[in-house]
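Report on the structure
Here are the chains, one letter per residue:
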Amino acid sequence: MSSAAAGADAPVAVFIEAGRKRVFACALDWPGWARSARTEQLALETLTDYLPRYAPVARRAGVTPPGTELAVAERAEGTAGYTDFGVPGIVAGHDRRPLTAADGERAAALLEACWAELDQVAAGAPETLRKGPRGGGRDRDQILEHVIGAEAAFARKLGVRPSGRPSLADQAATAAMRAAITAALRAAPAGLAGGWPARYAVRRIGWHVLDHAWEIVDKSR
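All figures in this text were calculated on a predicted structure; none of them were measured in a lab.

**Description of the overall build of the protein chain**
Check the secondary structure of the protein chain and you find 7 helices and 4 strands. Ordered by position in the sequence, the α and β elements of the protein chain form the string α-β-β-β-α-α-β-α-α-α-α. Relative to a compact globule of 221 residues, whose C-alpha radius of gyration would be 17 Å, the protein chain shows 17 Å and is just as compact. Seen through its principal axes, the protein chain has C-alpha atoms that stretch 40 × 40 × 35 Å. Looking at the protein chain as a whole, 50% of its 221 residues are labelled buried. The long-range share in the protein chain, meaning contacts at least 24 apart out of those at least 6 apart in sequence, stands at 69%. Surface exposure of the protein chain reaches about 10,200 Å², of which carbon and sulfur atoms provide 52%. If the 28 positive side-chain charges of the protein chain are averaged to one point and the 25 negative ones to another, these points end up 4 Å apart.

**Focus: the nonpolar core**
Membership of the largest hydrophobic core comes to 59 residues, with the highest contact counts inside it found for Trp 30, Trp 33, Tyr 54, Ile 181, Ile 205 and Ile 216. Of all the elements in the fold, those that place two or more residues in this core are strand S1 (12-18), strand S2 (23-27), helix H2 (40-49), helix H3 (51-60), helix H4 (101-123), helix H5 (140-156), helix H6 (171-186) and helix H7 (198-219). With 11 residues, the top contributor of residues to this core is H4. Judged by nonpolar contacts, the second largest core, of 9 residues, contains Phe 24, Leu 28, Ala 34 and Ile 90.

**Quick notes on the sheet that holds S2**
If you trace the 4 strands from one edge of the open sheet to the other, you get S3-S2-S1-S4, paired in mixed fashion. Looking at which strands have only one partner, the edges of the open sheet turn out to be strand S3 (34-37) and strand S4 (70-77). Between one strand axis and the next, the sheet turns by 20° as a mean value, whatever way the strands run. Here 4 bridges tie S2 to S3, and the two strands are oriented antiparallel to one another. Bridge pairing links Cys 26 to Ala 34 in S3. Contacting S1, S2, S3 and S4, H2 crosses the sheet at an angle of about 140° to S3. Contacting S1, S2 and S3, H7 runs over the sheet at an angle of about 70° to S3.

Criteria and cut-off values
- Residues numbered from 1 in each chain as written.
- Predicted model: local features only at pLDDT ≥ 70, side-chain atom pairs only at ≥ 80, totals over all residues.
- Heavy atoms only, no water.
- Helix = DSSP H or I, 4+ residues; strand = E, 2+ residues; numbered from the N terminus.
- Rg over C-alpha atoms; globule rule 2.2 N^0.38 Å.
- Buried < 20%, exposed > 50% of the residue type's maximum accessible area, 1.4 Å probe, protein only.
- Contact = heavy atoms within 4.5 Å.
- Areas by Shrake-Rupley, 256 points an atom, 1.4 Å probe, with all protein chains shown as cover.
- Lys, Arg positive; Asp, Glu negative; His and termini not counted.
- Charge placed at Lys NZ, Arg CZ, Asp CG, Glu CD.
- Core = buried A, V, L, I, M, F, W, Y, C linked by side-chain atoms within 4.5 Å.
- Pairing = 2+ DSSP bridges.
- Axes fitted to C-alpha atoms, helices over the stretch in contact; angles between N-to-C directions.

Here's what the structure looks like:
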């Protein structure tokens, strides 16, 4: 995340990850702001449609929200196991750039804002959520448990080994794990011991958190 990319007046740099069935449009410098659709154009339109949902997250992090002008900075071929399955799983060239201290602080603040958004959404949501046409789908607490469990695996990609068993029932362990993740991002200029570049890690984790936060919002209606 560069200071230039963080400005609201600058075009938003977008990474296109295109599978055969699904295309992701990911805002490279805005962790959590990523959407998918069947085509690149629809993915970009959906990304723009979600800006009103993302803007409060940026403000919560103390960052001026991005503007509406998008600029495709990179494209890559996706995979059946990630992209078409519904996960942004490709590391962009931009993701391999080292973080400055300011970048790491900004990334950590935005990720913390994603978690805060999920917490706020969950607090106002019913325990039982609207199901799909065939009765499928998780309820609120099942989604929250899934997010925490996934983060325990994601943390290891940053060289973080969670202590205890982070879960919805053990909020202290979950909070400690998330604090360790953001500490790793803030220390990123000194290098990371895990298997994911820091920039990819924060946008992947942020996407997962907000994707499920917005799922809860939509299924609460």
